[in-house]
Every structure is written in structure tokens, then in C-alpha cells.
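Structure at a glance
The lines below spell out each chain.
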Amino acid sequence: MNTGGFFRKLFNSQIPSIGPHEAAALVASGALLIDVREPAEWRAGHAPRARHIPLSQLADRLSEVPADRPVVTVCRSGARSRQAATLLARKGRRVHNLAGGMRAWVDAGMTLQAKGGRPGRLA
């Protein structure tokens, strides 16, 4: 009997998925938006006020994620950020996953920025 899939579904289902407008509202009210994409994706364009912590570095950089305020995780499509959200939830963080990732963010008409505040693009 393979219980790994059962537990994966069980734990992932407990993490709220939210849309881009709700994510932006949470960030405006003090939540931290963590972008877990790779550096090249981040450089091309990211949400304003996001903090970049690639998924591959998240476990080693947990001290950068506050435990006293909500966290929203985001990637390109929502898959990596779901993994990040699961890790953060296990470490006691109040976390939400941005469903649809940066694609949903852009589709909702929300801006991306690149280095120096220049307009960004989805990579």
C-alpha cells in the first residue's frame, strides 16, 4: 500500500490557495510574498515587494521567513510554490499558495518589475 500519495494530498490540502488579487491584498496588509522561482525567472520579472528565495534554498534560509506574519508563496505556475508552502507550514508558518503562480498574476493584469524598477516580463 502506497501511503505517500495519501499523506501528500492530506498535507497539501491544508494550505489555502488564493488568487492574485487576494495575494496582493494580503501583501498590502503586511504578508510576505516569497517568490521561489530560479534566479533567471526572478530577474526577468517579479511581483513588486516580493522576496526572492529559490525553492532549492528555502530550507537553508528559513530564518528569513517570519513566523509572526502571513506568507504567500509564488512560482511560475503554482507547483513549486505549493512545495514551498508545504515546507513552511510544517515549520509553523501561516502560509498561502498563489494558485496559478505568476501566470495568474500577469493574467489578472498585475505588474511585474525587473532590476531597477523597470517593467518586467514573465520568463
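Here, the structure is the one placed above.
Anyway, here's the lowdown on the structure attached to this text.

How each quantity is defined
- Residues numbered from 1 in each chain as written.
- Predicted model: local features only at pLDDT ≥ 70, side-chain atom pairs only at ≥ 80, totals over all residues.
- Heavy atoms only, no water.
- Helix = DSSP H or I, 4+ residues; strand = E, 2+ residues; numbered from the N terminus.
- Buried < 20%, exposed > 50% of the residue type's maximum accessible area, 1.4 Å probe, protein only.
- Contact = heavy atoms within 4.5 Å.
- Areas by Shrake-Rupley, 256 points an atom, 1.4 Å probe, with all protein chains shown as cover.
- Pairing = 2+ DSSP bridges.
- Right-handed = clockwise from strand over helix to strand, strands pointing away.

What about the overall build of the chain?
When its secondary structure is counted, the chain shows six helices and five strands. Beginning at the N terminus, the succession of helices and strands in the chain can be written as α-β-α-β-α-β-α-β-α-β-α. Expressed as a percentage of its 123 residues, the buried residues of the chain come to 41%. Once local pairs closer than 6 in sequence are excluded, the contacts in the chain between residues at least 24 apart make up 62%. Carbon and sulfur atoms provide 53% of the accessible area of the chain, an area that totals close to 6,600 Å².

Here we look at the pairing of strand 5 (residues 95-98)
Regular strands place side chains that alternate from one sheet face to the opposite one. Every second residue of strand 5 is oriented toward a common face, with Val-95 and Asn-97 on one face and His-96 and Leu-98 on the other, all of them buried. In the sheet, strand 1 (residues 17-18) pairs with strand 5 via two bridges, with the strands oriented parallel. Across the sheet, Ile-18 pairs through a bridge with Leu-98, a residue of strand 5. Sheet topology places strand 4 (residues 71-74) next to strand 5; three bridges connect them, and they run parallel. Note that in strand 5 the partner of Val-72 across the bridge is His-96. Taking the sense of rotation as the criterion, the β-α-β connection linking strand 4, helix 5 (residues 79-90) and strand 5 turns out right-handed.

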